[in-house]
Amino acid sequence: SLWLQNDVATLRLPCNTNCEENNFASMLDKLGEPVTVSITGFVEKLRNAAKCDPKGSTKIALYPEGFKASLGAGNVSMSIKVGDCSDSVIAVMHIPTLMLLAFTKAMGSGTVQILYGGDLLCLRNQSMVILTRVVP
């Protein structure tokens, strides 16, 4: 690891010499089956919910036909369901709220496919593909 230190703070950065291949196409191959949902109205609901803690993170629970975004601050928590969330959970991940807001706003208000695998999350529609890392 690399340590950077001043009088009052220490920053420790992990160093890894065996970096995995950073190829977009090979990363997409590692993802599971897509979950197709309509995110119409989701951006506005997320924007309103994010006002309680915009710098926090959002927990996303992915279902076979939908997802649930949960966020909160202090003793307040909110959940936004999109699609059918009555089946069993496929995966749970955490992503910064402002990042999720920017990504879903860029996707528009139509149908989106969500793919997940390991620590990768992919949002895609007819005109755009967003691939990012998340915390499982």
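Computed from a predicted model, the values in this text were never measured in an experiment. (Residues numbered from 1 in each chain as written. Predicted model: local features only at pLDDT ≥ 70, side-chain atom pairs only at ≥ 80, totals over all residues. Heavy atoms only, no water.)

Chemist: Help me understand the packing of helix H2 (residues 42–49) against helix H3 (residues 97–107), please; the structure alone is not making it clear to me.
Modeler: A packed helix pair is summarised by two numbers, namely the angle formed by the two axes and the spacing between the axes. Contact geometry for H2 and H3: axes closest at 10 Å, N-to-C directions at 160°. The angle between the axes of H2 and H3 places the two elements in the roughly antiparallel class. In this structure, H2 meets H3 at a crossing whose hand is left-handed. On the side of H2, the interface is formed by Phe42, Val43, Leu46 and Arg47, while H3 contributes Thr97, Leu100, Leu101, Thr104 and Lys105. Looking at the contact of H2 with H3 residue by residue, the class counts come to 5 nonpolar, 2 polar and 2 charged. (Axes fitted to C-alpha atoms, helices over the stretch in contact; angles between N-to-C directions. Helix = DSSP H or I, 4+ residues; strand = E, 2+ residues; numbered from the N terminus. Parallel < 35°, antiparallel > 145°, perpendicular 65-115°, else oblique. Left-handed = near helix turned anticlockwise from the far one by under 90°. Contact = heavy atoms within 4.5 Å. Nonpolar A, V, L, I, M, F, W, Y, C, P; charged D, E, K, R; others polar.)

Chemist: How should I be thinking about the nonpolar core in this particular structure?
Modeler: With 29 residues, the main nonpolar core has Ile39, Phe42, Phe67, Met93 and Ile114 as its most contacted residues. Those residues in contact with Phe67 that sit more than four places away from it in its chain are Val37, Ile39, Phe42, Ile60, Ala61, Leu62, Ile80, Lys81, Val82, Cys85 and Ile114. Ranked by size, the runner-up nonpolar core spans 5 residues in total, among them Met27, Leu31, Leu120 and Cys122. (Core = buried A, V, L, I, M, F, W, Y, C linked by side-chain atoms within 4.5 Å. Buried < 20%, exposed > 50% of the residue type's maximum accessible area, 1.4 Å probe, protein only.)

Chemist: Just checking my understanding: could you explain empty space enclosed by the protein for this structure?
Modeler: Empty pockets left among the atoms are what a rolling probe the size of a water molecule brings to light. If you walk through the whole model with that rule in mind, you get 1 cavity of 30 Å³ or more. There is about 90 Å³ of room inside the largest cavity. Lining the largest cavity are Ile39, Ile60, Leu62, Phe67, Leu100, Thr104, Met107, Val112, Ile114, Leu121 and Leu123. Residue assignment for the lining of the largest cavity shows that the elements contributing at least two residues are strand S4 (57–63), H3, strand S8 (111–117) and strand S9 (120–124). In terms of residues, the lining of the largest cavity owes the most to one element, H3, which gives 3 residues. Looking at the lining of the largest cavity residue by residue, the classes come out as 10 nonpolar, 1 polar and no charged. (1 Å grid on protein atoms, 1.4 Å probe; cavity = no way out; pocket = protein on both sides within 12 Å on 5 of 7 lines; lining within 4 Å. Points joined across faces, edges and corners; volume = space filled by probe spheres on them.)

Chemist: Which parts of the structure should I look at to understand the side chain of Thr58?
Modeler: Take Thr58: it is sitting in strand S4. Here Thr97 takes part through its side chain, which lies 2.8 Å from a polar atom of the side chain of Thr58. In this structure Thr58 touches Ala69, Ser70, Leu71, Met93, His94, Ile95, Thr97 and Leu100, once residues within four positions along its chain are discounted. (Polar contact = N/O pair within 3.5 Å; in protein donor to acceptor, adjacent residues only side chain to side chain.)

Chemist: Looking at this model, I keep getting lost on the sheet that holds S9. Mind explaining?
Modeler: Taken together, 4 strands build an open sheet; the order of strands is S3-S8-S9-S10 and the sheet is antiparallel. The sheet is open, and its two borders are formed by strand S3 (35–38) and strand S10 (129–133), each paired with just one other strand. With strand direction ignored, the average angle separating the axes of adjacent strands in the sheet is 20°. Bridge count between S8 and S9: 5 bridges; the pairing is antiparallel. From the neighbouring strand, Gln113 faces S9, where its bridge partner is Arg124. Of the strands in this sheet, S8, S9 and S10 touch H3, which is tilted by about 170° from S10. (Pairing = 2+ DSSP bridges.)

Chemist: What is the right way to look at the packing of aromatic side chains in this model?
Modeler: In this description, a pair of aromatic rings is defined by centroid distance and the angle of the planes. What the rule picks out here adds up to 1 aromatic pair. Between the aromatic rings of Phe42 and Phe67, the centroid separation amounts to 5.2 Å while the plane-to-plane angle is 80°, which identifies the pairing as edge-to-face. A residue pair is termed long-range when its members are at least 10 positions apart, and Phe42 in helix H2 and Phe67 in strand S5 (residues 65–73) qualify at 25 residues. The class of Phe42 is buried, set by a relative accessible area of 2%. The exposure class of Phe67 is buried, given its relative accessible area of 4%. (Phe/Tyr/Trp six-rings, centres within 6.5 Å; stacked < 30°, edge-to-face > 60°.)

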